[in-house]
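Inside the fold
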Amino acid sequence: MSGSDPAEPDNTAVRTALWRALHLAADPPPHVFRDEIGLQLADPDGRADPDGRWRQRPDMDPAGTAGFRAAIVARARWVEELVDERAAQGVDQYVLLGAGLDSFAQRRPQPPGGLRVFEVDRPGPQQWKRDRLTALGHGVPDWLRLVPVDFERGEDWLERLAAAGFDPGRRAVVASVGVSMYLSEDATRDVLREVAGLAPGTTLAMSFLLPADLLDPADRAGLRTSGEGARRAGTPFRSFYTPGRMLDLAREAGFREVAHLPGRALAARWFTDRPDGLRPSSGEDFLLATV
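Here the structure is a predicted model, which means the values were calculated and not measured.

A side chain of one charge can pair with a side chain of the opposite charge when the charged atoms of the two come close. Taken as a whole, this structure holds 26 salt bridges when the rule is applied. Across the pair Arg 160 and Glu 155 runs a salt bridge whose closest N-O atoms are separated by 3.3 Å. Taken together, the shared-partner salt bridges in this structure form one network comprising Arg 20, Asp 35, Glu 80, Asp 84, Asp 102, Arg 107 and Arg 108.

Here's what the structure looks like:
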């Protein structure tokens, strides 16, 4: 599925959904994250058939992509546990920037605490997803708002969010994972500043790629390969951050509390002592910032 057609999901969104599915298909229990709906979303023409032909894609090699696959499911679990934790504290708005084929709303038909979910994405891929949800019988319930934003035309995502029912005066969880590497530093700075202007108590969860020299030596070749693939797909990596730089950007944007979560911490939390040796590759770390 090509990301060149603006009415289709990006290659990166499809790959993420397939890696989440491959975790269930290729890795033995315990599974860190369960997402079977993403595979259905990614495959409108039935290529994800019972024979598993989608698993023959070069980027679905079970051994060669194990570290990336583990990193994807680890960050998904981290974000959703954060959402559950904040919902238990009364937060009732969850915003996904660059939502892609995320299936939180379909896997949680009754979100905790009356949570409203806002998915922000480009108009073409989002209309494709809306049509796909309808075809699969999920539909788009009232508590799920698909918010189309044409970033290339400079549309204001916060204005579009408010028009879709988001209340900037109430706390929210805002997630931006797998996005900052495709943006310029100026664009990321703008996102940070805009989220920092939301209601006190709002939490931002953002992932970022580390410079190659901060990766484990064994993972550097994988980063190069991943970068080459992103470039060929027309979505090159544009930005890498040291943890210190990302924390500085968040402080400058106006966040009250900022914290760095190493990807290695997620590895220690969910992948220790696995008999299959599955473990996330190093290279993607996380910012947790509170307004």
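More follows now that the structure is in view.
Moving on to the packing of aromatic side chains. Counted according to the given criterion, the structure contains seven aromatic pairs. Here the aromatic rings of Trp 19 and Phe 68 are separated by 5.9 Å at their centres, their planes lie at 15°, and the arrangement is stacked. Remark: Phe 68 occurs in helix α3 (residues 66–88) and Trp 19 occurs in helix α1 (residues 11–26); sequence separation between them is 49 residues. Take Phe 68: its relative accessible area is 26%, and that puts it in the partly exposed class. The interplanar angle of 50° and the centroid separation of 4.9 Å between the aromatic rings of Trp 78 and Phe 286 together place this pair among those described as tilted. You can see Trp 78 sitting in helix α3 and its partner Phe 286 sitting in strand β7 (residues 284–290), a full 208 residues away along the chain. The buried category is assigned to Trp 78, whose relative accessible area is 8%.

Taken together, seven strands build an open sheet; the order of strands is β3-β2-β1-β4-β5-β7-β6 and the sheet is mixed. Because the sheet does not close on itself, it has two edges, and the strands there are β3 (144–148) and β6 (257–261). On average, each strand axis in the sheet is inclined to that of its neighbour by 15°, with strand direction left out of account. Of the pairings in the sheet, the one linking strand β2 (residues 116–121) to β3 comprises five bridges and is parallel in character. Bridge pairing in β3 places Glu 119 opposite Leu 146. Running over the sheet, helix α9 (residues 243–253) touches β5 (203–209), β6 and β7 and is turned about 160° from β6.

A few words now on empty space enclosed by the protein. The final tally for this structure, using the stated rule, is one cavity of 30 Å³ or more. Roughly 100 Å³ of internal volume is contained in the largest cavity. Together, 13 residues line the largest cavity, and Gly 263, Pro 280, Ser 281, Glu 284 and Phe 286 are the ones closest to its centre. For the lining of the largest cavity, the secondary-structure elements that each account for two or more residues are α3, α10 (263–270) and β7.

Taking 1.5 Å of rise per residue, 14 residues should cover 20 Å, and helix α5 (residues 123–136) covers 20 Å from first to last C-alpha, within 8% of that figure. Along α5, the residues that are buried comprise Pro 125, Gln 126, Trp 128, Lys 129, Arg 132 and Leu 133. Along the axis of α5, the buried positions cluster into a sector of 155°, meaning they face one direction only. For α5, the exposed residues set more than 90 degrees away from the buried face come down to Thr 134 and Ala 135.

The predicted model of the protein has a mean per-residue pLDDT of 90, with 94% of residues at 70 or higher. Contacts from residues 1–5, a stretch scored under 50 in pLDDT, to residues over four places away or in other chains number 14 contacts.

The next subject is unusual backbone geometry. The omega angle of the peptide bond from Pro 29 to Pro 30 is 0°, so this bond is cis rather than trans. Mapped onto the fold, Pro 30 is located in the loop between α1 and α2 (37–42). Unlike most non-glycine residues, Asp 273 shows phi in positive territory, near 65°. Residue placement: Asp 273 occurs in the loop between α10 and β7.

Calculation rules
Residues numbered from 1 in each chain as written. Predicted model: local features only at pLDDT ≥ 70, side-chain atom pairs only at ≥ 80, totals over all residues. Heavy atoms only, no water. Salt bridge = Lys/Arg side-chain N within 4 Å of Asp/Glu carboxyl O. Phe/Tyr/Trp six-rings, centres within 6.5 Å; stacked < 30°, edge-to-face > 60°. Helix = DSSP H or I, 4+ residues; strand = E, 2+ residues; numbered from the N terminus. Buried < 20%, exposed > 50% of the residue type's maximum accessible area, 1.4 Å probe, protein only. Pairing = 2+ DSSP bridges. Axes fitted to C-alpha atoms, helices over the stretch in contact; angles between N-to-C directions. Contact = heavy atoms within 4.5 Å. 1 Å grid on protein atoms, 1.4 Å probe; cavity = no way out; pocket = protein on both sides within 12 Å on 5 of 7 lines; lining within 4 Å. Points joined across faces, edges and corners; volume = space filled by probe spheres on them. Expected span 1.5 Å × (residues − 1). Arc of directions from axis to C-beta. pLDDT = per-residue confidence, 0-100.

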